[in-house]
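# A structural walkthrough
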Amino acid sequence: MKQIDLHVHSTCSDGTDSPAVLVDKAVDKGLAAFALTDHDTTMGVKEALLACENVNKTGHELEVIPGVEISTNYDNTEIHVVGLFIDYNDNEFNSFLNKQLSSRDERNKRVCERFQNIGINITYEDMLKTYGDAVITRAHFADRLVAIGAVGGILVVYGCEILDPKLHVLRC
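Residues numbered from 1 in each chain as written. Predicted model: local features only at pLDDT ≥ 70, side-chain atom pairs only at ≥ 80, totals over all residues. Heavy atoms only, no water.

### A few points about the side chain of Thr-41
Following the sequence through the fold, Thr-41 ends up in the loop between β2 (33-36) and α2 (45-56). Separated by 3.0 Å, the side chain of Thr-41 and the backbone nitrogen of Met-43 make a polar contact. Setting aside anything within four residues of it in sequence, one finds Thr-41 in contact with Cys-12, Gly-67, Val-68, Leu-97 and Val-135. (Helix = DSSP H or I, 4+ residues; strand = E, 2+ residues; numbered from the N terminus. Polar contact = N/O pair within 3.5 Å; in protein donor to acceptor, adjacent residues only side chain to side chain. Contact = heavy atoms within 4.5 Å.)

Here it is, written out as C-alpha coordinates:
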(Lines give C-alpha, C1' and ligand atoms only; values in the text may rest on other atoms or scores of the structure.)
Protein backbone atom coordinates (compact mmCIF):
# COMPACT_ATOMS: atom_id res chain seq x y z
CA MET A 1 0.00 0.00 0.00
CA LYS A 2 1.36 3.41 -0.94
CA GLN A 3 1.60 6.06 1.76
CA ILE A 4 1.03 9.80 1.70
CA ASP A 5 1.62 12.65 4.15
CA LEU A 6 -0.95 15.45 4.03
CA HIS A 7 0.66 17.82 6.54
CA VAL A 8 4.30 18.74 5.89
CA HIS A 9 6.13 21.96 6.79
CA SER A 10 9.24 23.34 5.12
CA THR A 11 11.73 26.02 6.10
CA CYS A 12 9.21 28.49 4.67
CA SER A 13 7.49 28.17 8.05
CA ASP A 14 8.62 25.97 10.94
CA GLY A 15 9.98 22.92 9.15
CA THR A 16 13.63 21.95 9.11
CA ASP A 17 14.04 21.17 5.40
CA SER A 18 13.64 23.21 2.22
CA PRO A 19 10.78 22.26 -0.11
CA ALA A 20 13.27 20.61 -2.52
CA VAL A 21 14.83 18.54 0.27
CA LEU A 22 11.34 17.45 1.36
CA VAL A 23 10.80 16.09 -2.14
CA ASP A 24 14.03 14.08 -1.89
CA LYS A 25 13.03 12.77 1.54
CA ALA A 26 9.58 11.80 0.27
CA VAL A 27 11.20 9.82 -2.55
CA ASP A 28 13.61 8.18 -0.07
CA LYS A 29 10.66 7.15 2.12
CA GLY A 30 8.75 5.81 -0.88
CA LEU A 31 5.81 8.16 -0.46
CA ALA A 32 3.28 8.41 -3.28
CA ALA A 33 2.45 12.01 -2.35
CA PHE A 34 2.82 14.72 0.24
CA ALA A 35 1.12 18.05 0.82
CA LEU A 36 3.27 21.08 1.55
CA THR A 37 1.21 22.91 4.19
CA ASP A 38 3.35 25.69 5.60
CA HIS A 39 1.82 28.13 8.08
CA ASP A 40 -0.03 30.97 6.36
CA THR A 41 2.13 30.86 3.23
CA THR A 42 2.45 29.10 -0.10
CA MET A 43 5.96 30.46 -0.59
CA GLY A 44 7.53 26.99 -0.99
CA VAL A 45 4.96 25.37 -3.25
CA LYS A 46 6.61 26.27 -6.58
CA GLU A 47 10.00 25.02 -5.39
CA ALA A 48 8.46 21.73 -4.25
CA LEU A 49 6.56 21.27 -7.51
CA LEU A 50 9.66 21.95 -9.58
CA ALA A 51 11.75 19.53 -7.50
CA CYS A 52 8.99 16.93 -7.86
CA GLU A 53 8.90 17.41 -11.62
CA ASN A 54 12.66 16.86 -11.72
CA VAL A 55 12.65 13.67 -9.63
CA ASN A 56 9.73 12.28 -11.63
CA LYS A 57 11.81 12.66 -14.80
CA THR A 58 14.17 10.07 -13.28
CA GLY A 59 11.44 7.45 -12.97
CA HIS A 60 9.80 8.27 -9.65
CA GLU A 61 6.06 8.79 -9.28
CA LEU A 62 5.68 11.40 -6.55
CA GLU A 63 2.90 13.94 -6.29
CA VAL A 64 3.26 17.23 -4.42
CA ILE A 65 -0.10 18.57 -3.29
CA PRO A 66 -0.19 22.38 -2.96
CA GLY A 67 -1.46 23.23 0.49
CA VAL A 68 -1.41 25.67 3.37
CA GLU A 69 -2.11 25.66 7.10
CA ILE A 70 -4.17 28.70 8.03
CA SER A 71 -4.26 29.94 11.61
CA THR A 72 -7.53 31.33 12.88
CA ASN A 73 -9.60 31.61 16.04
CA TYR A 74 -12.89 30.01 16.95
CA ASP A 75 -14.65 30.53 20.26
CA ASN A 76 -11.48 32.13 21.75
CA THR A 77 -9.40 29.11 20.75
CA GLU A 78 -6.68 29.13 18.12
CA ILE A 79 -7.24 26.51 15.47
CA HIS A 80 -5.32 25.57 12.35
CA VAL A 81 -7.13 24.66 9.14
CA VAL A 82 -5.23 22.66 6.52
CA GLY A 83 -6.15 23.45 2.93
CA LEU A 84 -5.24 20.97 0.21
CA PHE A 85 -5.14 21.31 -3.58
CA ILE A 86 -5.24 25.08 -3.19
CA ASP A 87 -4.74 27.53 -6.05
CA TYR A 88 -1.44 28.99 -4.89
CA ASN A 89 -1.46 31.49 -7.79
CA ASP A 90 -4.83 33.04 -6.89
CA ASN A 91 -4.31 36.76 -6.18
CA GLU A 92 -7.23 37.10 -3.77
CA PHE A 93 -6.11 34.06 -1.79
CA ASN A 94 -2.53 35.33 -1.63
CA SER A 95 -3.80 38.73 -0.49
CA PHE A 96 -5.62 36.94 2.35
CA LEU A 97 -2.44 35.03 3.26
CA ASN A 98 -0.45 38.29 3.29
CA LYS A 99 -2.95 39.69 5.82
CA GLN A 100 -2.51 36.52 7.88
CA LEU A 101 1.26 37.02 7.80
CA SER A 102 0.91 40.66 8.88
CA SER A 103 -1.27 39.58 11.79
CA ARG A 104 1.27 36.90 12.73
CA ASP A 105 4.09 39.49 12.59
CA GLU A 106 2.18 41.75 14.98
CA ARG A 107 1.57 38.82 17.35
CA ASN A 108 5.25 37.92 17.20
CA LYS A 109 6.24 41.48 18.10
CA ARG A 110 3.91 41.32 21.12
CA VAL A 111 5.39 37.96 22.17
CA CYS A 112 8.89 39.47 22.02
CA GLU A 113 7.72 42.40 24.16
CA ARG A 114 6.26 39.98 26.70
CA PHE A 115 9.55 38.09 26.85
CA GLN A 116 11.40 41.38 27.36
CA ASN A 117 8.98 42.29 30.17
CA ILE A 118 9.90 39.16 32.13
CA GLY A 119 13.62 39.52 31.53
CA ILE A 120 14.12 37.19 28.55
CA ASN A 121 16.17 39.00 25.91
CA ILE A 122 14.45 38.05 22.66
CA THR A 123 13.74 40.86 20.22
CA TYR A 124 11.72 40.78 17.03
CA GLU A 125 14.78 41.91 15.10
CA ASP A 126 16.74 39.01 16.60
CA MET A 127 14.04 36.57 15.49
CA LEU A 128 14.10 37.95 11.94
CA LYS A 129 17.89 37.78 11.81
CA THR A 130 17.98 34.23 13.18
CA TYR A 131 15.16 32.72 11.11
CA GLY A 132 15.42 34.67 7.86
CA ASP A 133 12.46 34.51 5.55
CA ALA A 134 10.60 31.79 7.46
CA VAL A 135 7.12 32.42 8.80
CA ILE A 136 8.01 32.72 12.49
CA THR A 137 5.95 30.36 14.64
CA ARG A 138 5.91 29.14 18.23
CA ALA A 139 8.45 26.50 17.26
CA HIS A 140 10.92 29.27 16.40
CA PHE A 141 10.37 30.92 19.78
CA ALA A 142 10.90 27.56 21.47
CA ASP A 143 14.12 27.04 19.52
CA ARG A 144 15.36 30.52 20.39
CA LEU A 145 14.54 30.12 24.10
CA VAL A 146 16.62 26.96 24.20
CA ALA A 147 19.44 28.53 22.15
CA ILE A 148 19.85 31.45 24.56
CA GLY A 149 19.61 29.20 27.61
CA ALA A 150 16.33 30.65 28.88
CA VAL A 151 14.80 27.16 29.16
CA GLY A 152 16.15 23.65 29.30
CA GLY A 153 14.42 22.11 26.31
CA ILE A 154 11.76 22.27 23.64
CA LEU A 155 9.25 20.21 25.61
CA VAL A 156 9.22 22.92 28.27
CA VAL A 157 8.05 25.55 25.82
CA TYR A 158 6.36 23.81 22.91
CA GLY A 159 2.87 24.41 24.27
CA CYS A 160 3.98 28.03 24.56
CA GLU A 161 3.19 28.35 28.22
CA ILE A 162 6.45 29.35 29.82
CA LEU A 163 7.07 29.46 33.55
CA ASP A 164 10.05 31.67 34.29
CA PRO A 165 12.09 31.66 37.54
CA LYS A 166 9.94 34.47 38.95
CA LEU A 167 6.85 32.28 38.49
CA HIS A 168 5.40 34.31 35.65
CA VAL A 169 3.35 32.35 33.16
CA LEU A 170 3.67 33.61 29.61
CA ARG A 171 1.26 32.42 26.96
CA CYS A 172 2.32 33.06 23.38
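### Topic: the sheet that holds strand β4 (residues 77-84)
Across the sheet, which stays open at both edges, the 4 strands sit in the order β1-β2-β3-β4 with mixed pairing between neighbours. The strands lining the two open edges of the sheet, one partner per strand, are β1 (4-8) and β4. Adjacent strand axes in the sheet meet at a mean angle of 25°, parallel and antiparallel pairs treated alike. Sheet topology places strand β3 (residues 63-74) next to β4; 8 bridges connect them, and they run antiparallel. (Pairing = 2+ DSSP bridges. Axes fitted to C-alpha atoms, helices over the stretch in contact; angles between N-to-C directions.)

### Quick notes on the environment of Ala-32
Within the fold, Ala-32 resides in the loop between α1 (19-29) and β2. For Ala-32, a relative accessible area of 19% puts it in the buried group. Through-space distance from the C-alpha of Ala-32 to that of Lys-2 is 5.8 Å; in sequence the pair is 30 residues apart. Ignoring sequence-local partners within four residues, the contact set of Ala-32 consists of Lys-2, Gln-3, Ile-4, Glu-61, Leu-62 and Glu-63. (Buried < 20%, exposed > 50% of the residue type's maximum accessible area, 1.4 Å probe, protein only.)

### Notes on a nonpolar patch on the surface
A cluster of nonpolar residues, Ile-4, Leu-6, Val-82, Leu-84 and Phe-85, forms a patch on the protein surface that exposes about 430 Å² of accessible area. Listing elements by their share of the nonpolar patch, those giving two or more residues are β1 and β4. Inspection of the secondary structure puts Val-82 in strand β4. Among the residues examined, Val-82 registers a relative accessible area of 34% and is labelled partly exposed. (Patch = residues over 30% accessible without salt bridge, like charges linked within 9 Å, V, L, I, M, F, W, Y side chains within 5 Å. Areas by Shrake-Rupley, 256 points an atom, 1.4 Å probe, with all protein chains shown as cover. Salt bridge = Lys/Arg side-chain N within 4 Å of Asp/Glu carboxyl O.)

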